[in-house]
Amino acid sequence: MHGNSPLPARSVFSEGAAWLALVLILIVTTAICALVRQTTEEQIYQRFLYRAEQERSNILFRLAAHAQVLRGAAALFHASDHVDRSEWREYVANLQLEKTLPGIQGIGFAQMIAPHDKAAHERAMHANGFTDYAITPTGQRPQYSSIIYLEPFAGRNLRAFGYDMFAEPVRRDAMEYARDFGEPALSGKVTLVQETGLDVQPGFLIYVPVYRSGMPHQTTGQRRMALLGFAFSPFRADNLMRSAISHDNKDVEIELYDGAATPERLLFDSHADQGSTAHGRWQVALSIEFGGHQWTALFRSRPEFDSITAEVLKEARK
């Protein structure tokens, strides 16, 4: 009588080896698939990061371009014994900034005025036809400044005529940096005097120092003594940034903060007018350092970018 005879040892070994080989194949296949997915995700992230850095470079380029315009405005004072209002108007008009560098609110000159010269300065402005001119805000201060030129000299910009920017701490910090280092300075977040109460936007300014011709300004002390005033530009952040970022941008959204990325420091949000609170999958924070000041740019992927990359990831998972 025959019973169930045990499988030969070689057969058991072969079957075990086959299962082991299958397990190893599955492990290797899973590892390869995971590596492919990881590599694909890294490639997608690098593409997203590349686009974010492109937009960051666009913003920096625009700030540098505006600073260069202000350097030219400062040079105008060095090339002339006296720059009057008509010369300033003609200089700014010939730049055609509304075509070449859109988003700018204006180009101005703020003159520094010692307390003992304030009354004479205001009388001179009255004699030039500006009978209502006065340095604002009122009050006694150890140093005054006044916006005496600002082109275009119309609309919102009329509200800034005679304003003492040196009296306001955030603006003063940037003006002192420009004065002491002889370089363009970027201010912190402010509400521009030009705002009317409707559609108020966060603002900021860029300053370039103007020193008196013939006076040395190699050292900090000399620069303080020689300071005549500042060529400057005020910016409404939303207006400028929408002209600075790529018009065909379908990859990244931008939140721009003055310093740390906290709600009260928000300067600009490209996502704000899209009617949705949802954000993309990818994000990165990059710093923007310019003119002695730092912004934080938070970049997030846009839906168009996510939908395209989702298909790529789907294929990588197969």
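We now turn to the structure provided with this report.

The rules we used
Residues numbered from 1 in each chain as written. Predicted model: local features only at pLDDT ≥ 70, side-chain atom pairs only at ≥ 80, totals over all residues. Heavy atoms only, no water. Salt bridge = Lys/Arg side-chain N within 4 Å of Asp/Glu carboxyl O. Helix = DSSP H or I, 4+ residues; strand = E, 2+ residues; numbered from the N terminus. Buried < 20%, exposed > 50% of the residue type's maximum accessible area, 1.4 Å probe, protein only. Core = buried A, V, L, I, M, F, W, Y, C linked by side-chain atoms within 4.5 Å. Pairing = 2+ DSSP bridges. Contact = heavy atoms within 4.5 Å. Axes fitted to C-alpha atoms, helices over the stretch in contact; angles between N-to-C directions.

Brief notes about the pattern of salt bridges
Moving on, step 1. Counted by the stated rule, this structure contains 15 salt bridges.
Moving on, step 2. The salt bridge partner of Arg236 is Glu195, with a shortest N-O separation of 2.9 Å. Placement of Arg236 in strand E5 (residues 227–236) and of Glu195 in the loop between strand E3 (185–186) and strand E4 (203–211) is noted, with a sequence separation of 41 residues between them. Each member of the pair, Arg236 as well as Glu195, is classed as buried.
Moving on, step 3. Look at the salt bridges and you will find they share partners, linking Arg47, Arg51, Glu55 and Asp251 into a network.

Observations concerning the nonpolar core
Moving on, step 1. Ranked by internal contacts, the top residues of the largest apolar core, which has 53 residues, are Trp88, Phe204, Ile206, Met241, Leu256, Trp295 and Phe299.
Moving on, step 2. In terms of residue count, helix H1 (residues 9–78) provides more of this core than any other element does, 13 residues in total.
Moving on, step 3. One finds Phe166, Ala185, Tyr211 and Leu227 within the second-largest nonpolar core, a separate group that totals 21 residues.

Side note on the sheet that holds E4
Backbone-to-backbone hydrogen bonds pair the strands of a sheet. The strands run either parallel or antiparallel.
Moving on, step 1. Taken together, the five strands give an open sheet; going across it, the order is E2-E1-E5-E4-E3, and neighbouring strands pair in antiparallel fashion. Only two strands of the sheet have a single neighbouring strand rather than two, namely strand E2 (144–151) and E3.
Moving on, step 2. Across four bridges, strand E1 (residues 107–113) lies against E5 in antiparallel orientation. Its bridge partner being in E5, Gln111 is matched across the sheet by Gly229.
Moving on, step 3. The sheet strands contacting helix H2 (residues 85–95) are E1, E2 and E5, and the helix crosses E2 at an angle near 55 degrees.

Side note on the environment of Gln140
Moving on, step 1. Looking at the secondary structure, you find Gln140 in the loop between helix H4 (118–127) and E2.
Moving on, step 2. Under the relative-accessibility criterion, Gln140 is labelled exposed at 82%.
Moving on, step 3. Each C-alpha atom, one on Gln140 and one on Pro115, is 7.9 Å from the other, the two residues being 25 residues apart in sequence.

Observations regarding the environment of His121
Moving on, step 1. Within the element layout of this structure, His121 appears in helix H4.
Moving on, step 2. With a relative accessible area of 10%, His121 lands in the buried category.
Moving on, step 3. On a C-alpha basis, the gap between His121 and Ile135 in space is 9.4 Å, while along the polypeptide they are 14 residues apart.

Observations regarding the sheet that holds strand E6 (residues 252–258)
Moving on, step 1. Reading across from one edge, E7-E6-E9-E8 is the order of the four strands in this open sheet, with antiparallel pairing throughout. The strands lining the two open edges of the sheet, one partner per strand, are strand E7 (266–269) and strand E8 (283–290). Here the strands of the sheet are splayed against their neighbours by 20 degrees on average, with no regard to which way each runs.
Moving on, step 2. Looking at chain direction, E8 and strand E9 (residues 293–301) are connected through eight bridges and run antiparallel. Residue pairing in the sheet places Ser287 in a bridge with Thr296 of E9.
Moving on, step 3. Relative to the sheet, helix H7 (residues 237–244) contacts E6, E7 and E9, its axis offset from that of E7 by approximately 45 degrees.

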